[in-house]
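For reference, the chains in residue letters:
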Amino acid sequence: MNFNHIVVQNILRDKSTYVSYFLSSVFSMMVFFLFSTIAFHPMLAELDPSSTLGITMVLASFFIYVFSIVFIIYSLFAFLKKKTKTLGTFMMTGASMRQIRKMVFRENMIIAGVAIITAIVCGLVIEPLFLMVAKKILRAEIFGMYVPIQAILLTVVLFSLLFLIVTKIMTRMIKKEEIVQLLKADMTQEKRIKPAPFKLIVSIIVSVFMLFSMLKEMNWVESFGIIAYIVLFISLLLAIYFTITQGMLLAIRIWQKHPSYFRKTNMLFVSNLKAKERSHAHIIYLLTILLLGTFVSTSVLYSSYYNVEEKTEALYPYSFQYTSVPGNELEAQKDIAFIEETLDETGDNYEAYYSSFKTDDERRIAFMSVSNFNQLGQHTPLTLNDNEYFVVAGNEGVHPDEESIYDYPFGNLEFAGVEKRNLLVTGLQNVYYIVPNEVYETIAYPEYKIFAYELDDWTNKTQVAETISSKITTELGKNLIASKIELYEAEKFVKSITFFIGFMLSLIFMSAAMSILYFYLQTSLEQEREKFSGIRKIGFSMKELTSVVTKELATLIFIPFTIAALILFATVLGMHNHISLAFYQLTAIGLVIFLLLFIISFFFIRKGYINKLVN
């Protein structure tokens, strides 16, 4: 029996430990490979001349790569703990530290090599389906099949280097004293959680302050830039960590003093929870963070994809809006004639609105007569008295200034109301003051002509928009043409990309969460088996032990889910001014779906884990 044979036998003997790590690594590498196939697609330049899609896919691949580094490091630590007895046995038979490091290194490199090959093969098998889905989501008919040589080389080289460097560093950290210490770990009690109320309070205060500052858009946040967001991210991670660890400690103490502590198997369950409170808290924390990433990736990104039409109409109220600058009358007539001729040729119904406004160009404050306002069909008709004025927003999401009109010599006009919805294209003017016709005639500012068109079923009129935009474009000093159809297509494209990437990332987060839970249960299985075997000898029935295991697994699975869901809802409620009702509905639906998946997974995990404990 040579050394390599021993390495292979070790892998086969501990295949139950390696299988989850292997499958999760394969999945992460496969997603990296599939994203790379799009990033290096030969037709990408034609689809996306600005390279936005390619850059986005490369960044997503980079994020997956960084996540894989963290995941592999964690997995190697888990394997080291699981293989304590194996390494100790080799030491007792005379193996040197150099041989032990060499064995661990080769084991992981063999698994890495097989995982990389499996990921590439699976990726090549799935690639046609993946490109077909990408073609539909990204509306890219030119996305055909090709041999992704660059993606294959990139995946092989980067992940080979990743496994090589991380495994080399981790094996260098293996020391004889640590193996002996780890060998004794099964016989020694793990460290308890130390009370840290001060750290908990400080982390929560910092997190709340940072969130409040960002929601209120305080000046200091902008001055610090990305540093402020990094501080927020770290403070939130610490706040969640201390909340979970201190909450675990507090819950155990309260339960021990509660009368229910002495009922049925509660004493055994709480005692077992207390003995492993530190490791349980760490696993709950890791699962909470990963599940939170999963929820955010799906809920936030899908809701943004779902609300594209509504947000587009808020920014651009009309299918087409042509704004003519003073002095451009002849050119405007030709452009309008072409637009209306093109719309007539479609044979579809459309509404045409003609209006005008006068503006103070320096301050971009516009004035519109009540008659001109009523000629625009997207708002409720308005009636004003001779001494009244009405305010309409010019920028989406910005409350219009209601009092700047008093800077102009229009007499003592009284405020009659405000419309927060955009009157015309967002950003064209800061605010629109609707004034009586008589007042409007006295205003000496230059007058801009507005020609607006609204089409039925406008989301499906891409061809019409392309025809008009090919002939008429915005010319500074002459006209401004804006189309919500083109904006909708652009936004839909961007949101499709983000949703597509977010969905794939959520799958990676979920697989990592399940893998970490599997690692934890697998590494503690032998110790738990011996413990429960001893407990059965003192009179506990199988039913009672099953009850304890069920409670413990429910704690590890559903508490992280609950905490992540509460954090998500707290974040959503804190941003209620920036979020639509549809987002709440989609978030609730998404959580219900995830909850059903977790309940089903719980019963499968419970059955398999109890069977392993019994056997």
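In this report, we go over the structure that sits alongside the text. Because the structure is predicted, anything quoted here is derived from the model rather than measured. (Residues numbered from 1 in each chain as written. Predicted model: local features only at pLDDT ≥ 70, side-chain atom pairs only at ≥ 80, totals over all residues. Heavy atoms only, no water.)

Some thoughts on the sheet that holds strand β5 (residues 414-422)
Operational definition: Any two strands with at least two DSSP-identified bridges between them are counted as paired. Strands are runs of DSSP state E lasting at least 2 residues, helices are runs of H or I lasting at least 4, and numbering of each runs from the N terminus. Axis lines are fitted through C-alpha atoms, for helices just across the contact stretch, and the angle between N-to-C directions can take any value from 0 to 180 degrees. For this analysis, residues touch if any pair of their heavy atoms sits within 4.5 Å.
Strand order in the open sheet made by the 8 strands is β5-β4-β6-β3-β2-β7-β1-β8, with mixed pairing throughout. Across the chains shown, the open sheet's two edge strands, defined by having one partner strand only, are β5 and β8 (479-482). On average, adjacent strands in this sheet sit at an angle of 25 degrees to one another, irrespective of strand direction. In terms of strand pairing, strand β4 (residues 388-393) meets β5 through 5 bridges, oriented parallel. Bridged to Glu-388 within β5 is Glu-414. Against the sheet, helix α15 (residues 329-346) contacts β1 (320-324), β2 (350-360), β7 (447-455) and β8, and its axis sits at roughly 170 degrees relative to β1.

A look at the packing of aromatic side chains
Where we set the bar: Classification of ring pairs uses Phe, Tyr and Trp, with its six-membered ring standing for Trp, and accepts pairs whose centres are within 6.5 Å; under 30 degrees between planes counts as stacked, over 60 as edge-to-face, and the remaining range as tilted. The rule for a charge over a ring is simple: NZ of Lys or CZ of Arg within 6 Å of the ring centre, and within 35 degrees of the ring normal.
Per the stated rule, a full pass over the model turns up 26 aromatic pairs. One aromatic cluster is present, formed by Phe-367, Tyr-389, Tyr-406, Tyr-408, Phe-410, Phe-415, Tyr-433 and Tyr-445 through successive ring pairs. The ring centre of Phe-105 lies 4.9 Å from the NZ or CZ of Lys-168, which sits over that ring. The ring of Trp-458 carries Lys-484 above its face, with NZ or CZ at 4.6 Å from the centroid.

Observations concerning helix α20 (residues 525-537)
Two residues of an α-helix separated by three or four positions point the same way, owing to the 3.6 residues in each turn. Definition in use: For a helix, the expected span equals 1.5 Å multiplied by the residue count minus one.
In this model, α20 (13 residues) spans 18 Å end to end at C-alpha, consistent with the 18 Å of a helix rising 1.5 Å per residue. The first or second residue beyond α20 is Gly-539, which carries a positive phi of 120 degrees.

Remarks on unusual backbone geometry
Put simply, the rule reads: Think of it in three bands: residues with accessible area under 20% of the maximum for their type are buried, residues over 50% are exposed, and the middle band is partly exposed, with areas taken using a 1.4 Å probe on protein chains only.
In this model, Arg-364 sits at a positive phi of 50 degrees, which is unusual for a non-glycine residue. Assignment of secondary structure puts Arg-364 in the loop between β2 and β3 (365-369). Take Arg-364: its relative accessible area is 30%, and that puts it in the partly exposed class. A positive phi angle, close to 50 degrees, is found at Asp-457, a residue other than glycine. Looking at where Asp-457 falls in the secondary structure, it is placed in the loop between β7 and α18 (462-471). A relative accessible area of 47% means that Asp-457 is categorised as partly exposed.

What to know about the packing of helix α14 (residues 308-315) against helix α19 (residues 484-523)
The condition is simple: An angle counts as roughly parallel when it lies under 35 degrees, as roughly antiparallel when it exceeds 145, as roughly perpendicular when it falls between 65 and 115, and as oblique in every other case. By definition, any crossing whose near helix is turned counterclockwise from its far helix by less than a right angle is left-handed, and any crossing with a clockwise turn is right-handed. Note on residue categories: nonpolar means Ala, Val, Leu, Ile, Met, Phe, Trp, Tyr, Cys or Pro, charged means Asp, Glu, Lys or Arg, and polar means any other residue, Gly included.
Between α14 and α19, the least distance of the axes is 9 Å, while the angle of their chain directions is 140 degrees. When the interaxial angle is binned, α14 and α19 end up oblique. For α14 against α19, the interelement crossing comes out right-handed. Taking contact as the criterion, the partners of Val-308, Glu-309, Thr-312, Glu-313 and Leu-315 in α14 are, on α19, Lys-484, Leu-487, Tyr-488, Glu-491, Lys-492 and Lys-495. Of the residues belonging to the contact of α14 with α19, the class tally is 4 nonpolar, 1 polar and 6 charged.

Section: the pattern of salt bridges
Convention followed: Only one rule defines a salt bridge in this text: a Lys or Arg side-chain nitrogen within 4 Å of an Asp or Glu carboxyl oxygen.
Applying the stated rule across the entire model yields 6 salt bridges. For Lys-484, the salt bridge goes to Glu-454, with nearest N and O atoms at 2.9 Å. In this pair, Lys-484 sits in helix α19 while Glu-454 sits in strand β7, placing the two residues 30 residues apart along the sequence. Owing to a relative accessible area of 0%, Lys-484 belongs among the buried residues under this scheme. Taken together, the salt bridges that share partners define one network made up of Glu-313, Glu-454 and Lys-484.

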